[in-house]
Amino acid sequence: MEWTRDAYRITTDPEEIDRAAARAYLARSYWAEGVPQEIVDRSIDNSLAFALFEEEKQIGFARVISDRATFAYIADVYVLEEYRGRGLALWLIETILAHPELQGLRRWLLTTRDAHGLYAKVGFVPAARTQRFLEIDRPGLYVKPRGE
C-alpha cells in the first residue's frame, strides 16, 4: 500500500524499503544500538513495515508486529533528525493506525523513552495496569564488547 502527502510518500512494499538505511538509523538508536543488518532484515520480513520517503530517500521507518486480529506492537519508529518538526512522524503513526489490515484490534502497544507527546496525539496513554505487563529486557544485546 502507498500514501502520499506533499513531497512525501509512505509505502508498505517490502521491495521498496531501504533496509540499509533502516539499519543505519536503528544501529545508532537507544533501543537497537549496534543491531546487525541480518536482524533488521529478519524483523522487516516478519512484520508489517512502513517506510517514509522524500522522493527516493528513505527518511523514516516503523514496523508493526501483529496477528492482524487482536494485537499490534509498534516498533522501530523514526524520522531522520533533519526532517523532524514537519508532522511526518504523526502522519506515519496515523497511517499505521488506519491500515486496513490493522482495524478492530483489541490492543496496541509501544514503548518510548521520549515521544510520549507524539503518541498521545493519536490516543496512546500510559498503561493503566503496568503490573500486568512483564518483560525480558536485554539492552545492549547487539553491542559487542570492546576488543572483539
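Residues numbered from 1 in each chain as written. Predicted model: local features only at pLDDT ≥ 70, side-chain atom pairs only at ≥ 80, totals over all residues. Heavy atoms only, no water.

## Looking at the overall build of the protein chain
Condition: A run of DSSP states H or I qualifies as a helix once it reaches four residues; a run of E qualifies as a strand once it reaches two. Both are numbered from the N-terminal end. Based on C-alpha atoms, the radius of gyration is set beside the globule rule, defined as 2.2 Å times the residue count to the power 0.38. The buried label applies to any residue whose accessible area, calculated with a 1.4 Å probe on protein chains only, is under 20% of its type's maximum; exposed applies above 50%, and partly exposed to all values in between. In what follows, a contact means two residues having at least one pair of non-hydrogen atoms within 4.5 Å. Every accessible area reported is derived by Shrake-Rupley at a probe size of 1.4 Å, with residue values counting cover from the shown protein chains alone. Counted charges follow a simple rule, with Lys and Arg positive, Asp and Glu negative, and His plus the chain ends left uncounted. Taken as the charge centre is NZ of Lys, CZ of Arg, CG of Asp or CD of Glu, depending on the residue.
In terms of regular secondary structure, the protein chain is built from 4 helices and 6 strands. For the protein chain, the C-alpha radius of gyration of 16 Å lies close to 15 Å, the compact-globule estimate for 148 residues. Projected onto its principal axes, the C-alpha coordinates of the protein chain cover approximately 45 × 40 × 30 Å. Burial status across the protein chain gives 36% buried among its 148 residues. Considering only contacts within the protein chain whose residues lie at least 6 apart along the sequence, 58% involve residues at least 24 apart. With the model as given, the accessible surface of the protein chain reaches about 9,300 Å², and the carbon-plus-sulfur share is 49%. Each charge class in the protein chain can be summarised by its mean position, and for the 20 positive and 23 negative side chains these summaries are 7 Å apart.

## Comments concerning the nonpolar core
Side chains that are nonpolar tend, in soluble globular proteins, to be buried together. Note the cut-off: Take the buried residues of types Ala, Val, Leu, Ile, Met, Phe, Trp, Tyr and Cys, join any two whose side-chain atoms come within 4.5 Å, and each joined set is a nonpolar core.
Counting 40 residues, the largest nonpolar core has L52, V64, I74, L88, I96 and Y119 as its most contacted members. Tallying contributions element by element places strand β3 (residues 48-54) first for this core, with 6 residues.

## Details of the pattern of salt bridges
Formally: Only one rule defines a salt bridge in this text: a Lys or Arg side-chain nitrogen within 4 Å of an Asp or Glu carboxyl oxygen.
Within the structure shown, the criterion is met by 8 salt bridges. One salt bridge in this structure joins R19 and D41, with 3.7 Å as the shortest N-O distance. In this pair, R19 sits in helix α1 (residues 19-26) while D41 sits in helix α2 (residues 37-45), placing the two residues 22 residues apart along the sequence. Across the pair R19 and D45 runs a salt bridge whose closest N-O atoms are separated by 2.7 Å. Residue R19 is found in helix α1, and its partner D45 is found in helix α2; the two are separated by 26 residues along the sequence.

## Observations concerning unusual backbone geometry
Keep in mind that most residues, glycine aside, have a negative phi and that most peptide bonds are trans. Phi at E55 takes a positive value of approximately 55°, unusual for a residue other than glycine. Note that E55 resides in the loop between β3 and β4 (57-66). Positive phi outside glycine occurs at D76, with the angle close to 55°. Overall, the relative accessible area of 13% leaves D76 in the buried class.

## Section: the environment of Q103
Going by this rule: In protein, a polar contact requires one atom able to donate a hydrogen and another able to accept it; more generally it is a pair of N or O atoms within 3.5 Å, and residues adjacent in sequence count only if both atoms are side-chain atoms.
Note that Q103 resides in the loop between α3 (88-98) and β6 (107-110). Put simply, Q103 and R68 are 35 residues apart on the chain and 7.9 Å apart in space, counted from C-alpha to C-alpha. Not counting chain neighbours up to four residues away, the residues in contact with Q103 comprise L97 and A98. Engagement of the side chain of Q103 in a polar contact is seen with the backbone oxygen of H99, the distance being 2.7 Å.

Any functional reading would require information beyond the geometric quantities listed.
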